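# Topology and contacts: notes
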Amino acid sequence: MGELIERVDDLDRVLGTVDRGEAERRGWLHRIATTICRDEVGRILVLRRSERHTRFPGHYDVLVGGAVGIGESYEEAAARELAEELGVGAPVRFLFKFLCGQGVSPVWFGVHEAVLTEPLAPDPSEIAWQAWLTESDLAEVVDQWRFVPCGREALRRYLDAGFCGGQDQPSPG
């Protein structure tokens, strides 16, 4: 048996425990906790997934994350994934969630933000490359580079809502 996760319904209520691979094969909804990382000057971390990654190998993304474990909150999973994938410990702030059907299977994406101040130690089995880009630089490449579809959607929602590193509320306008 592979990774166990909670299968959820279209309102994000737990239905039971299932194998993640089976959930993906059958198109069952489950949860993914993700984080958009900023540095102290507000740039956004962009990464390219390893070619060995099982989901979207070689694609670019602005999200660090993974499946929410059994009994785990989105926030707990997001913090755990930051440590596993980037080797950093940082507080995460929940921003929003949305139902994404563009990936391997339909999932609820819980999107967080973290400001990273310590050096990154990326897991090479997950991340092949990373760089800090400004929002304007990122806007230029997001439709040119091969991005993970749900990551692109999360980034658009994030930018459209006016989230800016560390603010508690979206900016007006």
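This write-up is about the structure you can find in this document. Note that the structure is a prediction, hence the values are computed from the model and not measured.

## A short note on the overall build of the protein chain
- From N to C terminus, the protein chain includes four helices and nine strands.
- The linear arrangement of helices and strands in the protein chain, starting from the amino end, is β-β-α-β-β-β-β-α-β-β-β-α-α.
- Taking 16 Å as the expected radius of gyration for a compact globule of 173 residues, we find that the protein chain reaches 15 Å, a close match to that expectation.
- Each principal axis of the C-alpha atoms in the protein chain carries an extent, and together these give about 40 × 35 × 30 Å.
- Evaluated residue by residue, the protein chain yields a buried proportion of 47% over its 173 residues.
- In the protein chain, the proportion of contacts linking residues at least 24 apart, taken out of those at least 6 apart, comes to 62%.

## A word on unusual backbone geometry
- Its identity as a non-glycine residue notwithstanding, Asp12 has a phi of 65 degrees, on the positive side.
- Accessibility expressed as a relative area gives 6% for Asp12, which makes it buried.

## A few points about the nonpolar core
- Counting residues in hydrophobic clusters, the biggest one holds 29 residues, and the most contacted among them are Val62, Phe109, Leu138 and Tyr158.
- At the level of elements, strand S3 (30–38), strand S4 (44–49), strand S6 (63–67), strand S7 (93–100), strand S8 (107–115), helix H3 (135–141) and helix H4 (149–160) are the ones that each hand at least two residues to this core.
- Leu47, Val64, Ala90 and Ala114 belong to the second-largest nonpolar core, a separate cluster that totals eleven residues.

## Things to note about helix H2 (residues 74–86)
- With 13 residues, H2 ought to run about 18 Å at 1.5 Å a step, and its terminal C-alpha atoms sit 18 Å apart, in line with that.
- Regarding H2, the residues found buried are Tyr74, Ala77, Ala78, Glu81, Leu82, Glu85 and Leu86. The arc that holds the buried residues of H2, viewed along the axis, is 140 degrees, so those residues lie on one side.
- On its buried face, H2 sits against S3, S4, S6, S7, S8 and strand S9 (127–133).
- In the stretch just after H2, Gly87 is the one whose phi turns positive, near 70 degrees.

## A look at the side chain of Glu6
- Its location among the elements puts Glu6 in strand S1 (residues 4–8).
- A polar contact is formed between the side chain of Glu6 and the side chain of Arg31, at a distance of 3.3 Å.
- Ignoring anything within four residues of it in the chain, the contact list for Glu6 reads Val14, Gly16, Leu29, His30, Arg31, Gly69, Ile70 and Gly71.

## Regarding the pattern of salt bridges
- All chains considered together, the criterion is met by 18 salt bridges.
- One salt bridge in this structure joins Asp39 and Arg43, with 2.6 Å as the shortest N-O distance.
- For Arg93, the salt bridge goes to Glu113, with nearest N and O atoms at 2.6 Å. Residue Arg93 is located in strand S7, and its partner Glu113 is located in strand S8; the two are separated by 20 residues in the primary sequence.
- Residues joined by salt bridges that share partners form a network here, namely Glu6, Asp12, Arg31 and Lys97.

## A short note on the packing of aromatic side chains
- Applying the stated criterion across every chain yields a total of eight aromatic pairs.
- The interplanar angle of 35 degrees and the centroid separation of 6.1 Å between the aromatic rings of Tyr60 and Phe147 together place this pair among those described as tilted. Of this pair, Tyr60 sits in strand S5 (residues 60–61) while Phe147 sits in the loop between H3 and H4, and the two are 87 residues apart along the sequence. Of the two residues, Tyr60 and Phe147, both sit in the buried class.
- Relative to Phe98, the ring of Phe96 lies with its centre 6.2 Å away and its plane at 35 degrees, an arrangement referred to as tilted. Both residues of the pair, Phe96 and Phe98, count as buried.
- An aromatic cluster of three or more residues is present, and its members are Tyr60, Trp129, Trp145 and Phe147.
- Sitting over the face of the ring of Trp108, Lys97 holds its NZ or CZ atom 5.3 Å from the ring centroid.

About the criteria used
Residues numbered from 1 in each chain as written. Predicted model: local features only at pLDDT ≥ 70, side-chain atom pairs only at ≥ 80, totals over all residues. Heavy atoms only, no water. Helix = DSSP H or I, 4+ residues; strand = E, 2+ residues; numbered from the N terminus. Rg over C-alpha atoms; globule rule 2.2 N^0.38 Å. Buried < 20%, exposed > 50% of the residue type's maximum accessible area, 1.4 Å probe, protein only. Contact = heavy atoms within 4.5 Å. Core = buried A, V, L, I, M, F, W, Y, C linked by side-chain atoms within 4.5 Å. Expected span 1.5 Å × (residues − 1). Arc of directions from axis to C-beta. Polar contact = N/O pair within 3.5 Å; in protein donor to acceptor, adjacent residues only side chain to side chain. Salt bridge = Lys/Arg side-chain N within 4 Å of Asp/Glu carboxyl O. Phe/Tyr/Trp six-rings, centres within 6.5 Å; stacked < 30°, edge-to-face > 60°. Lys NZ or Arg CZ within 6 Å of the ring centre and 35° of its normal.

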